[in-house]
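Overview (structure and organization)
Here's the letter readout for the chains.
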Amino acid sequence: MNKFGEKILKHEELGIIFFPITALYIAPLFHELGHILMLKFFLCPIKIIIHFSFVMGISGYIEPLCELTPLKAVLTLSAGMFMTLIISFILFFLARKLERKSFVSILVNSLAVGFFSSSFIDTLFGKGDIFFILKIIGLDVSPYILSAIALILITIAIIYFWRSLEEEIIETKI
Amino acid sequence: MILQSIETVNLVMKSFTFLLVSALLLITILYQKRKILKTS
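The structure contained in this document is the topic of the report that follows. (Residues numbered from 1 in each chain as written. Chains lettered and ligands numbered in written order. Predicted model: local features only at pLDDT ≥ 70, side-chain atom pairs only at ≥ 80, totals over all residues.)

Some points on the environment of Val-55 of chain A
The residue Val-55 of chain A is located in the loop between strand E1 (46-53) and strand E2 (57-64) in this model. Once the C-alpha coordinates of Val-55 of chain A and Leu-24 of chain A are considered, the two residues, 31 residues apart in sequence, prove to be 8.8 Å apart. Beyond its immediate chain neighbours, meaning those up to four positions away, Val-55 of chain A contacts Val-12 and Ser-15 of chain B. (Helix = DSSP H or I, 4+ residues; strand = E, 2+ residues; numbered from the N terminus. Contact = placed C-beta atoms within 7 Å.)

Structure, rendered in structure tokens:
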């Protein structure tokens, strides 16, 4: 391995950089893929537009060109969030299986927390698919309550990430 | 039509939050690492 590679691997904390990269550019792609796969499963033709912005990350516009029942609409809307959530749980599980105090382990944890927080970040700011789902179901939940739940969930994930960072970087250096 | 389109929101606040959290994590880890190296 070259010197640059060795230097990077010595600074495990640099794995944190993959957290915002995942949350902004990778997770949104999988989120859209979740919607697309569900609509494809319902054999519904679609129109897709994916926007890329260096500052704001990736965002998508999907137009189903068929009539969906309320149940199919709810399933399609929730597929995006479930896609990123399932990936995040797989990655959290993988990170635990990996060798401790390694750059790769922190990288996988960063990817996991990126996918997880990306699932709830829109809800935190009072936007996103969950509001449409509730509207279709006919449930009237205060956006403040939903934002608070999203904030709690994201905070738990970040605290878990912080704890694993502490274990892998700090405690091993003592 | 129940579902006309699915649009992901594009918010600067989103990127700002992610960058802020990562920066805070990185700074605190580097600070603690330095503190440990100094005392050992």
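Thoughts on the interface of chain A and chain B
Counting from both sides, the interface comprises 41 residues of chain A and, opposite them, 26 residues of chain B. At the level of secondary structure, the elements contributing two or more residues to the side of chain A that touches chain B comprise helix H2 (18-41), E2, helix H3 (70-97), helix H4 (103-124), helix H5 (129-137) and helix H6 (143-173) of chain A. The element that contributes the greatest number of residues to the side of chain A that touches chain B is H2 of chain A, accounting for 8 residues.

Quick word on unusual backbone geometry
All names here are of chain A. Residues other than glycine seldom take positive phi values, yet Leu-43 does so here, at roughly 55°. Here Leu-43 is to be found in the loop between H2 and E1. Given 7 C-beta atoms within 10 Å, Leu-43 falls into the exposed group. (Buried ≥ 20, exposed ≤ 12 C-beta atoms within 10 Å, placed from the backbone.)

A look at the sheet that holds E1 of chain A
An order of E1(A)-E2(A)-E1(B) is seen for the 3 strands of this open sheet, with the pairing classed as antiparallel. Either end of the sheet is taken by a strand with one partner, and the two such strands are E1 of chain A together with strand E1 (6-7) of chain B. Where E2 of chain A and E1 of chain B come together, 2 bridges link them in antiparallel fashion. Following the sheet pairing, Tyr-61 of chain A is matched in E1 of chain B by Glu-7 of chain B. Relative to E2 of chain A, H2 of chain A is tilted by about 10°, and along the sheet it contacts E1 and E2 of chain A together with E1 of chain B. (Pairing = 2+ DSSP bridges. Axes fitted to C-alpha atoms, helices over the stretch in contact; angles between N-to-C directions.)

So, the pairing of E1 of chain A
Residues and elements named next belong to chain A. Looking at chain direction, E1 and E2 are connected through 8 bridges and run antiparallel. Pairing of Ile-46 across the sheet is with Pro-64, part of E2. Turn length for the E1-E2 hairpin, with the two strands adjacent in sequence and antiparallel, is 3 residues.

Some words on the environment of Ser-5 of chain B
Along the chain, the position of Ser-5 of chain B falls in the segment before E1. Taking the C-alpha atoms as reference, Ser-5 of chain B lies 58 Å from Thr-39 of chain B; in sequence the two are 34 residues apart. Beyond its immediate chain neighbours, meaning those up to four positions away, Ser-5 of chain B contacts Tyr-61, Ile-62 and Glu-63 of chain A.

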